[in-house]
Amino acid sequence: MIDQKTRDELAEIAARYPEKRSGLLPMLHLVQSVLGQVTPEGIEACAEILEITPAEVSGVATFYTMYKRRPVGDYHVGVCTNTLCAVMGGDAIFARLKDHLDVGNDETTEDGKVSLEHIECNAACDYAPVMMVNWEFMDNQTPSSAVQLVDDLRAGKEVRSTRGPKICTWREAERVLAGFSDGLVDEGPAAGEASLVGLKLAADKGWTAPKGADQ
Amino acid sequence: MTTAPNQSVLTPVLTKNWGDEQSWKLSAYGDYAAAKKAFGMQPDDVITAVKDSGLRGRGGAGFPTGMKWSFIPQDNPKPKYLVVNADESEPGTCKDIPLMMANPHVLVEGVIISSYAIRANKAFIYIRGEVLHVIRRVQAAVAEAHAAGHLGKDIHGSGYDLDIVVHAGAGAYICGEETALLEGLEGRRGQPRLRPPFPAVAGLYASPTVINNVESIASVPSIIANGADWFSSMGTEKSKGFGIFSLSGHVAKPGQYEAPLGITLRKLIELAGGMRAGHELKFWTPGGSSTPLLTAEHLDVPLDFEGVGEAGSMLGTRALQLFDETTCVVRAVLRWTEFYKHESCGKCTPCREGTWWLTQTLSRLEQGQGSAEDLDLLVDQCDNILGRSFCALGDGATSPITSSIQYFREEYLAHLEQGGCPFDPEASTVFATAGAKA
Ligand SMILES: Cc1cc2nc3c(=O)[nH]c(=O)nc-3n(C[C@H](O)[C@H](O)[C@H](O)COP(=O)(O)O)c2cc1C
Ligand code: SF4
Ligand code: FES
């Protein structure tokens, strides 16, 4: 339910912007963190605060793929099946997970723990095949590592992003997207291995940018 | 090709601190010396320095950054805005995301200097929503910069005020297109706007707005700190400076390689330890899936705006996706086409309907159905989209198709002859058993 605290937070998001309607995307993220999806109640609340019609809010909510109108799992699992990842193994991973979890695309397991979706390029192609759990990177996956991953998630084991913190729930993640910090920023590395290959090679060879005033 | 005077093949600047302990923290980054230096300059002189450096937009189109800033009408009484395009969704592109994860402060410092130059007091960083930890890092960097007095009112006694809002998107490739991004930032469906008016004149809230890519803005502190000449000593005649080259796919060491513009793919593959053992390069994208495919014939093309253009493609985002001989080009192209169909915003008919037709025709071919005439039909369909779409998404959708037919017509025909795909998809995966062959 959208209580007064949430209403206040929605208004707080809108107030970050010179024109309050700009807050709508993060506000819908907050709605999802509270309600687990975008519902008519959430749409009404945004519309009221922004002084626009529910139809206008709904038109926006249906345009963007991260907004869900069905409940998703505590752990929303994305498998990149854009070309590069698909070729490197993403298609095989997605097929294995559908089979293993017995769900189709954009469906949730019966226990409500895991939902599965094939996603587009997530800007991590140098770590292909790439998966995301609640929008945290799970780099360099294989069909068997993917099965292990979802089994661990369903069993409630602690799972860490390969380039980030311990995986939180989908609702908690949505709250961060709405702009409310969860204090996890300092977990995980600065960069994964692939991000550093050029830098390491340059260090080995003594290659640098030309000397400048700041060196 | 001109390289840096010290003959360094790689020139880490933006990536330089990525390996440092907690590199994302202000204490590891430094004290925003470039921003302080900029505050001692006239805003117009900052614009001139960026113009003189030769920096061209790193988001794909390569428009000169300083020139874009000078288009902001300073006599317009409305507020000016800077918007950073951190939507990074062009397939293959994976440079801005690791940059913001490891080095968010260089972006924040760049935003401060750039906003000061165009006289904006409010800036926005629009980050795609699907990268939670990156969003945490940028949010925290902005908060830290604020607490340290690098943002807010009368920054370091300069009399200049600036606030930054970090805005998470919600899943839409089209929001990387700058006017669709503005729609998203105004709380609307992300559909591109008619131009003119250009954002420099009427952008966010119909006010003068500069929109730049993450890497463009992140390059600014180094230009101010080291001077325009320092920057332009790297790169080629018309493509100055360094850029992050992102290698992915069937290469031994995929990853990020920061080098002067003009480096070749041959050199980059050599740095990356060659193609994966026992395989050879078949086709590649120079700058994401919207840039026409190139082949092993093009290994020595200088990767700068002019060189790749002359080779019939575009430098784009330097998203070098490399595919070896185990990969079916028809499968690859079909998948990209499905992506464009899915991401078409629906505003204009050539793209909305065209990408649907392209997918139909291509999937028929991929399944070995249809006929050789379908190839001409595809080229025809592309002709009806290219140049007739409302924005560059539609144009980009035709790139993989026309270029793959140009270079691999035989492979399309082989699908028809064999009544299906002649490739074993297993062979192209990273977990292919060593002996697997196409
Ligand atoms: C469909 C489409 C997607 C785009 N995606 C991005 C993107 O994710 N990031 C980006 O910086 N530019 C993207 N662009 C280019 C922007 O429209 C714009 O040219 C760029 O942000 C300008 O910044 P720059 O001059 O610093 O390169 C995209 C363009 C199109 C047509
Ligand atoms: S070309 Fe495609 S994405 Fe661009 S405006 Fe037309 S329908 Fe929308
Ligand atoms: S193609 Fe999968 S992350 Fe880019």
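About the criteria used
- Residues numbered from 1 in each chain as written.
- Chains lettered and ligands numbered in written order.
- Predicted model: local features only at pLDDT ≥ 70, side-chain atom pairs only at ≥ 80, totals over all residues.
- Heavy atoms only, no water.
- Pairing = 2+ DSSP bridges.
- Helix = DSSP H or I, 4+ residues; strand = E, 2+ residues; numbered from the N terminus.
- Contact = heavy atoms within 4.5 Å.
- Axes fitted to C-alpha atoms, helices over the stretch in contact; angles between N-to-C directions.
- Domains from an automatic or database assignment.
- Buried area = accessible area lost by both parts, 1.4 Å probe.
- Salt bridge = Lys/Arg side-chain N within 4 Å of Asp/Glu carboxyl O.
- Polar contact = N/O pair within 3.5 Å; in protein donor to acceptor, adjacent residues only side chain to side chain.
- Buried < 20%, exposed > 50% of the residue type's maximum accessible area, 1.4 Å probe, protein only.

1. Brief notes about the sheet that holds strand 1 (residues 75-80) of chain A
All names here are of chain A. One open sheet holds the five strands; their spatial order is 2-3-1-4-5, and the pairing between them is mixed. Single-partner strands in this sheet number two, and they are strand 2 (107-108) and strand 5 (136-138). Of the strands in this sheet, strand 1, strand 3 (114-119), strand 4 (131-133) and strand 5 touch helix 6 (residues 143-154), which is tilted by about 5° from strand 4.

2. Focus: unusual backbone geometry
With an omega dihedral of -5°, the bond running from Ala128(A) to Pro129(A) counts as a cis peptide bond. With omega at -5°, the peptide bond leading from Arg195(B) into Pro196(B) counts as cis. Structurally, the position occupied by Pro196(B) is in the loop between helix 8 (178-185) and helix 9 (199-202). Its identity is not glycine, yet Glu51(A) carries a phi of approximately 55°, on the positive side.

3. Some details on the domain arrangement of chain B
All names here are of chain B. Split into domains, chain B comes out as domain 1 (31-231) and domain 2 (329-418). Centre-to-centre separation of domain 1 and domain 2, based on C-alpha positions: 35 Å. Contacts between domain 1 and domain 2 engage twelve residues on the former and ten residues on the latter. Of the roughly 880 Å² buried where domain 1 meets domain 2, counting both sides, 72% is carbon and sulfur surface. At the boundary of domain 1 and domain 2, one finds zero salt bridges. Here domain 1 and domain 2 share three residue pairs in polar contact (both at pLDDT 80 or more) between them.

4. Observations concerning the environment of Glu12(A)
All names here are of chain A. Inspection of the secondary structure assignment puts Glu12 in helix 1 (residues 4-14). Classification of Glu12 by relative accessible area gives partly exposed; the value is 43%. Considered as a pair, Glu12 and Gly23 are eleven residues apart in the sequence and their alpha carbons are 9.0 Å apart.

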